[in-house]
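# What the coordinates show
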Amino acid sequence: MRLVLTGNYAAAYAAKAAKVEVVSAYPITPQTQVVEKLSEFIERGEMNARYIRVESEHSAMAACIGAAMAGARVFTATSAHGLIYMSEMLWWAAGARLPIVMGVITRAMAPPWSIWSDHCDLLSLRDIGWIIYFCENAQEVFDTIIQAYKVAENEEVLLPAMVGWDAFQTSHTAEPVDVLSPDEVSKYLPPRRPLPYVIDFERPFTHGSLCYPDRYMEFRYLMDLSMSKAKKAIVEADEEYGDLFGRKYGGVLEKYLCEDAEIAVVTMGVLSGDARYAVDILRKEGYKVGLVRLRVVRPFPSSELKKELKSKKLVCVIDRNISIGRGGILGTEIKALLKNSSANVVNVVAGIGGRDVSYEDIVNIVKRSLDLVEKGEVPEYMWYSIDKEYVVKAVGEYYEPPAL
Amino acid sequence: MESKIKFDLITPISYPGEGSAGATGSWRVFKPIIDREKCRKCLLCWLYCPEAAIRVSEENYPEIIYEYCKGCGICANECPVKAISMVEE
Amino acid sequence: MSHPLFKVIPKEEYFLPGTPACPGCPAALGLRLLLKALGPKTVIVIPACCSSIIQGAYPRSAIKVPLINIAFAASAATASGIAEALELKGIGDANVVVWAGDGGTADIGLQGLSGAAERGHNIIYVCYDNEAYMNTGIQRSGATPYMAWTTTTPTGKREIKKDIPLIVAMHRVPYVATAALAYPQDYVMKLRKAAAKKGFKYIHLLAPCPPGWRFDSSKTIEISRLAVETGTWVLYEIEDGKFRLTGPSKGLIDKSKRKPVAEYLRTQGRFSHLSDEDMAKIQKIVDENWEWIKRWLEG
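Residues numbered from 1 in each chain as written. Chains lettered and ligands numbered in written order. Predicted model: local features only at pLDDT ≥ 70, side-chain atom pairs only at ≥ 80, totals over all residues.

A few words on the overall build of chain A. Tallying secondary structure elements over chain A gives 14 helices and 16 strands in all. Here chain A has a C-alpha radius of gyration of 21 Å; the compact-globule value for 404 residues is 22 Å, and the two agree. For chain A, the spread of C-alpha atoms along the principal axes amounts to about 70 × 55 × 40 Å. Taking all 404 residues of chain A together, 55% fall into the buried category. Partitioning the contacts of chain A with sequence separation of at least 6, the portion at a separation of at least 24 is 78%. (Helix = DSSP H or I, 4+ residues; strand = E, 2+ residues; numbered from the N terminus. Rg over C-alpha atoms; globule rule 2.2 N^0.38 Å. Buried ≥ 20, exposed ≤ 12 C-beta atoms within 10 Å, placed from the backbone. Contact = placed C-beta atoms within 7 Å.)

And the structure:
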């Protein structure tokens, strides 16, 4: 069935198609249509599910944890402040190894209030044991949420999964989406098995009590181990989905015109569409450039990225996030991967707080990065499109970190 | 197919059993002694024992489980006929 | 051989001895009696509190029913999720119980408690109130009473105790009750009444704590009894909106029937610094509370 859907509605249709049994969520812009649509589905009896209309995101994730411990397949969605407010419970969900799937509509953190996209909210939670997907468009949101259940519930994985997409540009932009029915999806995604454990009155157990240093560390090791196994599960889940339904996304990375490329642009999320168009323009101008779009941040596709990027002349990582005092998060990780290779990594922080990054900006970023590489003047990282006059007015000077 | 994964070992699952903190009777400074002559089998001591360290015999006499009794003294304090005395270990 | 007591309080133990609880621990006794009252088809949700320790450390557990530990503020919401999912899966007859301390109830968990109460999930929320953060070392909570010493109120708390049962009652839930360990039958009957009702039920159990309140471990029950006899702690229930005194509190409306509050306060080291004026002020707080109760009962 083909419908014109926003990214948010696509997410709701995906949760319905995945036969989610419990939804627990708290409203936040720009997530609201996800949960509004799910409320409609549940109230109209189109989903055999409960909707817990909690009083906060902290409680949203707590209720997801409770429901998942009682055996239900659960879904929630949030954004920015909601995500950070629930972050304590996100640690709990991961440590409890519950296959919860959550939509994260990335939005900049306040102050000042902003409702527009950047990825600082989501990426600040990259180290806690959640699988992290990031989508480019509404169709991918739909497909990835279903794939995320397949991966999260894989007995070798059993970790929760976040599926990210950009505020407004993806969440509120309507596009044609091929929507699968719950029956179609059931061929791909069987009902959740009671793994790793479900509350059982016949066989009572205690979960999560005080654990001494003689055992705690193994639980973290096992999470790390399962996360590394998740990579294979992600690729297989994408392949199987593609075989059944005709769409796949390259597993952990999507590559565009990379084979002969000397220059690789690395992006994530909605900017990738503009980046693809920028690649086309640059190709026409004679630049041998390709695009690598990260579809998964955790598990980090280290070997795949390294293989793809190590022999490039320029790797231009556009980060829609900033680790204050360090640089772009993806750029920092990719630089660490490529430190013993000949590739020059230019890390550009752009699009923070929803600032537009057009295909022209990306063309500009690539050309300027190439200049810096040729001059041997590559800085640790750079900010793109900073109003230097404003900075000087504010603090009397402008020098570090450099702004392109 | 049986999985090779032990799901209760990849997660912090504990199963119930006595002595979760070991033989807590070793904490005791004063030991409760029940005088069966005086005991009227009201079982208030059993009822009020915070440790579940008093069992009830076939004849409904309370019996201290010394392996676990921490010697808090509630049983002696609450016994309406003063049938329980606290004796230094 | 059967004993008349077993008809009310089952012999079967779901709280197994040899726990890490302090000697004379009211939370241990409260949980032990709760499990007896509700039986094996009960799942307990425990936020950070003394019972995080009392249950025993990994990989052992003193608790013979399913027990889920959860973050401090999260118990009521977690129980909401469990209750909804169990109902959806056709296991709606299980008791979903939160067992939380006063910090996890009156302070950090209040928002979650209020949310769950307002939504009306089928949960029994029990707060065992030892009137401070005992597990972290006796710090003041919203439930610490006026002038009580704690490690963060070294000269006594200047504010009065937050009244959680009434806050919950204002959510118009079907059942709210208070309880005291000295009256286990009253406590157990209230738990059973709560289990028989559908919706959000709340029971607030006073939990005199030997190390935290500074008294000998043998006196837990005696002090619980004094709390009730002096009228400092009132046993009541609010069933479908109807307020009713229970147990010995029924006979204490007349002030002359109540022991002086000082008799309760003097048993505890946490009140040892109190002046006669402080004692008089606390007596006044207690008496005023009873005036409220009188007015409610008169309608």
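Our next topic: the overall build of chain C. When helices and strands are tallied, chain C shows 12 helices and 9 strands. Computed over its C-alpha atoms, the radius of gyration of chain C comes to 18 Å, within 12% of the 19 Å expected for a compact globule of 299 residues. The C-alpha extent of chain C, read off along each of the three principal axes, is 60 × 45 × 45 Å. Across the 299 residues of chain C, 59% fall into the buried class. Residue pairs at least 24 apart in sequence account for 68% of intrachain contacts in chain C once pairs closer than 6 positions are excluded.

Glancing now at the nonpolar core. Residues Ile65 and Cys316 of chain A together with Ile82 of chain C are the most contacted members of the largest nonpolar core, which totals 259 residues. Lining this core are residues from two domains, each supplying at least three of them: domain 1 (2–245) and domain 2 (254–395) of chain A. Residues in contact with isoleucine 65 of chain A, not counting those within four places in the same chain, are Met89, Trp92, Ala93, Ala96 and Leu98 of chain A together with Ile70, Thr78 and Gly81 of chain C. (Core = buried A, V, L, I, M, F, W, Y, C linked by C-beta atoms within 7 Å. Domains from an automatic or database assignment.)

Sheet topology places strand 9 (residues 206–207) of chain A next to strand 1 (residues 13–16) of chain B; 2 bridges connect them, and they run antiparallel. For histidine 207 of chain A, the partnering residue across the bridge sits in strand 1 of chain B and is isoleucine 13 of chain B. (Pairing = 2+ DSSP bridges.)

So, on to the confidence of the model for chain C. With 100% of its residues at a pLDDT of 70 or more, chain C shows a mean pLDDT of 97. Here the predicted complex carries an ipTM of 0.97, next to a pTM of 0.98. (pLDDT = per-residue confidence, 0-100.)

Attention shifts here to the domain arrangement of chain A. Residue and element names in this part refer to chain A. With domains assigned, chain A is organised as domain 1 (2–245) and domain 2 (254–395). Inter-centroid distance (C-alpha atoms) of domain 1 to domain 2 is 28 Å. Here the element with the most residues in the side of domain 1 that touches domain 2 is helix 9 (residues 213–245); it accounts for 5 residues. Classifying every residue of the side of domain 1 that touches domain 2 by side-chain character gives 14 nonpolar, 6 polar and 5 charged. (Nonpolar A, V, L, I, M, F, W, Y, C, P; charged D, E, K, R; others polar.)

Right, let's talk about the sheet that holds strand 9 of chain A for a bit. Sheet architecture is open: 11 strands sit in the order 2(C)-1(B)-9(A)-3(C)-1(C)-4(C)-5(C)-7(C)-6(C)-8(C)-9(C), paired in mixed fashion. With one partner strand each, in any of the chains shown, strand 2 (60–61) and strand 9 (242–245) of chain C form the two edges of the open sheet. In this sheet, strand 7 (residues 200–206) of chain C lies alongside strand 6 (residues 175–180) of chain C in parallel orientation, the contact comprising 6 bridges. Within strand 7 of chain C, the residue paired with alanine 179 of chain C across the bridge is leucine 205 of chain C.

Moving on: helix 14 (residues 388–395) of chain A. Across the 8 residues that make up helix 14 of chain A, only a small minority, 0, are buried. Where helix 14 of chain A terminates, the next one or two residues include glycine 396 of chain A, which has phi positive at roughly 85 degrees.

This brings us to the sheet that holds strand 2 (residues 22–25) of chain A. Residue and element names in this part refer to chain A. In space, the 7 strands of this open sheet follow the order 3-2-4-5-7-6-13, with mixed pairing throughout. Bordering the open sheet on either side are strand 3 (50–53) and strand 13 (296–298), each of which pairs with just one other strand. Neighbour-to-neighbour, the strand axes of the sheet open up by a mean angle of 20 degrees, direction not taken into account. The pairing of strand 2 with strand 4 (residues 74–78) spans 2 bridges and is parallel. Looking at the pairing, valine 23 lines up with phenylalanine 75 of strand 4. (Axes fitted to C-alpha atoms, helices over the stretch in contact; angles between N-to-C directions.)

This next bit is on the packing of helix 3 (residues 57–69) of chain A against helix 4 (residues 75–88) of chain C. Between two packed helices, the angle of one axis relative to the other and the distance separating the axes together describe the packing. Closest axis-to-axis distance for the helix 3 of chain A/helix 4 of chain C pair is 6 Å, and the angle between their directions is 40 degrees. By the angle between their directions, the pair helix 3 of chain A and helix 4 of chain C is classed as oblique. With respect to the hand of their crossing, helix 3 of chain A and helix 4 of chain C are arranged in right-handed fashion. The residues of helix 4 of chain C that touch helix 3 of chain A, namely those facing Ser59, Ala62, Ala63, Cys64, Ile65, Gly66, Ala67 and Met69 of chain A, are Ala77, Thr78, Ala79, Ser80, Gly81, Ile82, Glu84 and Ala85 of chain C. (Parallel < 35°, antiparallel > 145°, perpendicular 65-115°, else oblique. Left-handed = near helix turned anticlockwise from the far one by under 90°.)

Contact with chain C, which involves 35 residues of that partner, is made by 34 residues of chain B. Only helix 2 (26–38), strand 2 and helix 10 (220–229) of chain C provide two or more residues apiece to the side of chain C that touches chain B. For the side of chain C that touches chain B, the leading source of residues is helix 2 of chain C, giving 4 residues. Tallied by class, the residues present in the side of chain C that touches chain B amount to 19 nonpolar, 9 polar and 7 charged. Direction of pairing for strand 1 of chain B relative to strand 2 of chain C: parallel, over a ladder of 2 bridges. Along strand 2 of chain C, the bridge assignment pairs proline 16 of chain B with serine 61 of chain C.

Attention now moves to the interface of chain A and chain C. A common way to state how big an interface is: give the accessible area lost once the parts meet. The partner chain C presents 38 residues to the 37 residues of chain A that form the contact. Ranked by the residues each element gives to the side of chain A that touches chain C, the list is headed by helix 3 of chain A, at 9 residues. For the side of chain A that touches chain C, the residue count by class is 20 nonpolar, 10 polar and 7 charged. Here strand 9 of chain A pairs with strand 3 (residues 67–69) of chain C via 2 bridges, running parallel. Of the residues in strand 3 of chain C, the one forming a bridge with threonine 206 of chain A is leucine 67 of chain C.

Glancing now at unusual backbone geometry. The residue after proline 111 of chain A, namely proline 112 of chain A, is reached through a cis peptide bond having omega -10 degrees. Tracing the backbone through its elements, the reader meets proline 112 of chain A in the loop between strand 5 (101–106) and helix 6 (120–123). The omega torsion across arginine 298 of chain A and proline 299 of chain A is 0 degrees, close enough to zero to call that bond cis. Positive phi, close to 70 degrees, is recorded for leucine 43 of chain B, a residue that is not glycine.

Residue placement: isoleucine 167 of chain C occurs in helix 7 (residues 164–169). In the structure, isoleucine 167 of chain C is positioned 61 residues away from alanine 106 of chain C in sequence and 9.7 Å away in space, judged by C-alpha atoms.

With that out of the way, let us pick up the environment of glutamate 240 of chain A. With respect to the helices, strands and loops of the structure, glutamate 240 of chain A is situated in helix 9. For the pair glutamate 240 of chain A and glutamine 147 of chain A, spaced 93 residues apart in sequence, the C-alpha separation works out to 9.3 Å.

To continue, consider the environment of aspartate 129 of chain C. Residue and element names in this part refer to chain C. Topologically, aspartate 129 is positioned in strand 5 (residues 123–129). Residue class for aspartate 129 comes out buried when judged on the 30 C-beta atoms lying within 10 Å of it. The spatial distance from the C-alpha of aspartate 129 to the C-alpha of aspartate 254 is 26 Å, given a sequence separation of 125 residues.

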